[in-house]
Amino acid sequence: MPAIPLTPAQRAAYRGQAHHLEPVVMIGAEGLTDAVKAEVDAALKAHGLIKVRVLGDDRAQREAWLQQLADELGAAPVQHIGKLLVLWRPIPPKAKAPDEDRKPGPREFKVVKYSKKGGQRPEIKTVRVLGNQRLTPGGLVKKAKRRQKSAKKAASAAQ
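What comes next concerns the included structure. Given the structure is predicted, the values throughout are model-derived calculations rather than measurements. (Residues numbered from 1 in each chain as written. Predicted model: local features only at pLDDT ≥ 70, side-chain atom pairs only at ≥ 80, totals over all residues. Heavy atoms only, no water.)

## Topic: the sheet that holds strand E1 (residues 23–27)
A sheet is described by the order of its strands in space; here 4 strands give the open sequence E1-E2-E4-E3, paired in mixed fashion. The open sheet terminates on both sides in strands that have one partner only, identified here as E1 and strand E3 (76–81). Sheet twist, expressed as the average angle between the axes of neighbouring strands with direction ignored, equals 25°. Note: E1 against strand E2 (residues 49–54), 4 bridges, orientation parallel. (Pairing = 2+ DSSP bridges. Helix = DSSP H or I, 4+ residues; strand = E, 2+ residues; numbered from the N terminus. Axes fitted to C-alpha atoms, helices over the stretch in contact; angles between N-to-C directions.)

Below you can see the structure in the form of structure tokens.
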């Protein structure tokens, strides 16, 4: 994946946002390994804008690593200052798996009560109705009626 190009204004905005961030990944003596790339990829998926600390002293090597990370992970190199590298990539939308066993949650209804006097405004109220409740025509929330026991069970219990 090629690196994402940024305009100077976008780069400046991301530098400002990254100022208060702490480094989330460190590149140690082993250099840019596959494990480091995987961690940077995971951090970019989770945060979008990250700082990476490099423990090496070679400036040219740090610049090469910044460009390599940006190219391989499809990110934008934002800044290289000292031993810190700043990368940005848009956070991908999370896919939510539908749960078949999930029951519906609470519902919200607007209840309008008109005044008996003609010139006044109606009273509008938002009411939350849970799964075991029902809304009466008058706008009251009542618990649902309990189910009746089967006739066979009632007859066997009476004997």
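## Digging into the environment of isoleucine 4
Summarising the element assignment, isoleucine 4 is placed in the segment before helix H1 (8–18). Sequence separation of isoleucine 4 and arginine 89 is 85 residues, and the distance between their C-alpha atoms is 7.8 Å. Sequence-distant contacts of isoleucine 4, defined by excluding residues within four places in its chain, comprise Gly74, Ala75, Ala76, Pro77, Trp88, Arg89 and Pro90. (Contact = heavy atoms within 4.5 Å.)

## Here's the deal with helix H3 (residues 59–73)
Two residues of an α-helix separated by three or four positions point the same way, owing to the 3.6 residues in each turn. Over its 15 residues, H3 runs 21 Å from end to end, which matches the ideal 21 Å to within 8%, given 1.5 Å per residue. Of the positions making up H3, those classed as buried are Arg62, Trp65, Leu66, Leu69, Ala70 and Leu73. For H3, the angular spread of buried residues about the axis comes to 130°, placing them on one side. Downstream of H3 by one or two residues, glycine 74 has phi in the positive range, about 70°. (Expected span 1.5 Å × (residues − 1). Buried < 20%, exposed > 50% of the residue type's maximum accessible area, 1.4 Å probe, protein only. Arc of directions from axis to C-beta.)

## Re the pattern of salt bridges
Enumeration over the complete set of coordinates arrives at 6 salt bridges. Here aspartate 41 ties to lysine 45 by a salt bridge, and the two come within 3.8 Å at their closest N and O atoms. Of this pair, aspartate 41 and lysine 45 both sit in helix H2 (residues 34–47), 4 residues apart, which is roughly one turn of the helix. Accessibility expressed as a relative area gives 21% for aspartate 41, which makes it partly exposed. Relative accessible area serves as the criterion here: at 46%, lysine 45 is assigned to the partly exposed category. (Salt bridge = Lys/Arg side-chain N within 4 Å of Asp/Glu carboxyl O.)

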